[in-house]
Every structure is written in C-alpha cells, then in structure tokens.
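Structural features, examined
Listed below are the residues making up each chain.
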Amino acid sequence: AQSVAQPEDQVNVAEGNPLTVKCTYSVSGNPYLFWYVQYPNRGLQFLLKYITGDNLVKGSYGFEAEFNKSQTSFHLKKPSALVSDSALYFCAVRPSMNYGGSQGNLIFGKGTKLSVKP
Amino acid sequence: SAVISQKPSRDICQRGTSLTIQCQVDSQVTMMFWYRQQPGQSLTLIATANQGSEATYESGFVIDKFPISRPNLTFSTLTVSNMSPEDSSIYLCSVEVRAGVDLSNEQFFGPGTRLTVL
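What comes next is a walk through the structure. Everything numeric here is computed off the predicted structure, so don't read it as measured data. (Residues numbered from 1 in each chain as written. Chains lettered and ligands numbered in written order. Predicted model: local features only at pLDDT ≥ 70, side-chain atom pairs only at ≥ 80, totals over all residues. Heavy atoms only, no water.)

1. Topic: the interface of chain A and chain B
As a reminder, the rule being used: In this description, contact between two residues means that some pair of their heavy atoms is separated by no more than 4.5 Å. Values labelled buried area give the accessible surface lost by two parts on being combined, using a 1.4 Å probe and summing over both. Salt bridge, as used here, is a side-chain nitrogen of Lys or Arg placed within 4 Å of a carboxyl oxygen of Asp or Glu. By the criterion applied in these results, polar contacts are pairs of N or O atoms within 3.5 Å in which, for protein atoms, one can donate a hydrogen and the other can accept it, and in which residues neighboring in sequence qualify only through two side-chain atoms. Secondary structure follows DSSP: runs of H or I at least 4 residues long count as helices, runs of E at least 2 residues long count as strands, and numbering of each begins at the N terminus. The classification used treats Ala, Val, Leu, Ile, Met, Phe, Trp, Tyr, Cys and Pro as nonpolar, Asp, Glu, Lys and Arg as charged, and all other residues, Gly among them, as polar.
Contacts between chain A and chain B engage 25 residues on the former and 21 residues on the latter. Summing the contributions of chain A and of chain B, the shared interface buries around 1,600 Å²; its carbon and sulfur component is 50%. Put simply, chain A and chain B have two salt bridges between them. The salt bridge partner of Lys49(A) is Glu106(B), with a shortest N-O separation of 2.8 Å. Summed over the shared surface of chain A and chain B, the result is eight residue pairs in polar contact (both at pLDDT 80 or more). Counting only elements with at least two residues in the side of chain A that touches chain B, the list comes to strand E5 (31-38), strand E6 (44-50) and strand E10 (87-95) of chain A. For the side of chain A that touches chain B, the per-class residue count stands at twelve nonpolar, nine polar and four charged.

2. Quick notes on the state of the cysteines
All names here are of chain A. What counts, and what does not: To count as a disulfide, a pair of cysteine sulfur atoms needs to be within 2.5 Å. Burial classes follow relative accessibility: with a 1.4 Å probe on protein chains only, a residue under 20% of its type's maximum area counts as buried, one over 50% as exposed, and anything between as partly exposed.
Counting across every chain of the model gives two disulfides over all chains. Put simply, cysteine 23 and cysteine 91 are joined by a disulfide, and their sulfur atoms are 2.0 Å apart. For the disulfide bridge between cysteine 23 and cysteine 91, the dihedral angle about the S-S bond is near -60°, and by the sign convention the bridge is left-handed. With cysteine 23 in the loop between strand E3 (19-21) and strand E4 (24-26) and cysteine 91 in strand E10, this pair connects stretches of sequence that are 68 residues apart. Note on accessibility: cysteine 23 and cysteine 91 belong to one class, buried.

3. Quick word on unusual backbone geometry
Omega for the bond connecting Lys7(B) with Pro8(B) falls within 30 degrees of zero, at -5°, which places this linkage in the cis form. Following the sequence through the fold, Pro8(B) ends up in the loop between strand E1 (4-7) and strand E2 (10-13). Its identity is not glycine, yet Thr72(A) carries a phi of approximately 45°, on the positive side. Its place among the elements puts Thr72(A) in the loop between strand E8 (64-68) and strand E9 (73-78). A relative accessible area of 30% means that Thr72(A) is categorised as partly exposed. You will see that Asn82(B), though not glycine, has its phi angle at about 45°, which is positive.

4. Remarks on the environment of Arg10(B)
Inspection of the secondary structure puts Arg10(B) in strand E2. Taking the C-alpha atoms as reference points, Arg10(B) and Leu115(B), 105 residues apart in sequence, are found 5.7 Å from one another. If near-sequence neighbours (up to four positions away) are discounted, Arg10(B) is found in contact with Asn41(A), Thr113(B) and Arg114(B).

5. Things to note about the pairing of strand E3 (residues 19-25) of chain B
All names here are of chain B. As a reminder of what qualifies: When DSSP finds two or more bridges between two strands, those strands count as paired.
Every second residue of E3 is oriented toward a common face, the buried set being Leu19, Ile21, Cys23 and Val25 and the non-buried set Thr20, Gln22 and Gln24. Pairing geometry for E1 and E3, over four bridges, is antiparallel. From the neighbouring strand, lysine 7 faces E3, where its bridge partner is glutamine 22. Pairing analysis gives six bridges linking E3 to strand E8 (residues 75-80), with the strands arranged antiparallel. Of the residues in E8, the one forming a bridge with glutamine 22 is threonine 77.

6. With respect to the side chain of Thr48(B)
By the secondary structure assignment, Thr48(B) is in strand E5 (residues 43-49). With residues near it in sequence (within four places) discarded, Thr48(B) still touches Met31(B), Met32(B), Phe33(B), Ala55(B) and Thr56(B).

Right, dumping it as structure tokens:
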C-alpha cells in the first residue's frame, strides 16, 4: 500500500536554530512530493514541491526540502527558525502516473506540529 | 494560485440534520476536491467533484451521505447528510489546475469549514 510517514508528532526548536521536519514515503514509481503548512484555524498553504531535477528545492518563507531517492525521504528544512513558523506541517506524495488504480490522489502524512520557542 | 472561499466557516448542528458547504474559486479550475480532517488527524479525501457529472467517491464515502454538486468550473457544494457526532470535522475544499495526465501541479486549499455535531 502507498503511504507517507511523518515519524514525529511534534518538533520543538529554539528560535534561530535550524529545523528539520521528517517525511518518508512508500509510493510506486517516481512520485511528486509536496509540503503544506496549516496555521491554527486556517486551511493548508502550499510550501514547496519536488517534481524532478535538483534534489534540493526551495519554497515559501525560507523553507527548503531535500529529496533523497535511495532513502525515499523528503525532509523539510529551514536554516533559522522563527516563532511564526509554529504550525502543523503536512508532507504529501502523489504517484507520477496512475499506478495500481491510485487515480493520482494526494496521500498525506499525519502531520507534524512544529513549535518554535523564543 | 487560486483564491478559495468556503461558507460557512463554522457551524454547530443537531444530530440528524444536514449541512451544505459551499466552495467558490476566483478562477476556472480543472479539478475540485473535498477532504475531511478529523480532530488531530490528517486529511482524508472524500471525493473528486466532477463538473457536469457525478462525483467520484473514495472508499468509505458514499453519495447518500455526502452528496456533491459541481455545476460549473468555479463552484462546488458538499452536503453532510443525517449528521451524527462522528461527522464533527473540518471539511476542506481544494482545487487544482490539471492539464491532461500531468499530476505535478499542487492543490490549493480553502480555509475549511469547522463542523460540530451535537
């Protein structure tokens, strides 16, 4: 079965320190990979995606993510965390082709709560 | 990116009643989707809203419980019928501009409708 794992329910970081939110996946073929952020009482906002090419992709608000095909991972990173980055982060994957009748639907991880303290 | 609005933003409903949620996009989009986000959990796809035809439902969701309309390329509704407390969730509309079989585009999400069923 195709799945996305975010192994950490919560990540705590001090402001100014680097942050990493982990994501691994199990999807047939070459997937497209996405990160979304959800602020309290808000919908999801798109941060960045990996389609092909350079394994390091840059997105909104200074975030970046590194695609590692051998480890089937797509970890979200930021060099210096801000208190305003505190939110719920979702990793999502989608098969690049319709494998096994998946219909190309987005598969979401369970989310990781990021807490950045001053 | 698309600007998506949902109405109502929140509601408290009695068991056995029905609620219709509206999703309006500021531009024509190929795909519209409805998701459910139960408290503390990830997003689950309910269905794909198809313009001019019946929605495509995911496993575990049926038309009688979650009837969906999509009369044009900018508007869709989701009805939660005969509600029970287990239907208490955030319901999210999302949209995607998709060209043919290209699955590389991101989805954009509305702000969500927070439903509480008593």
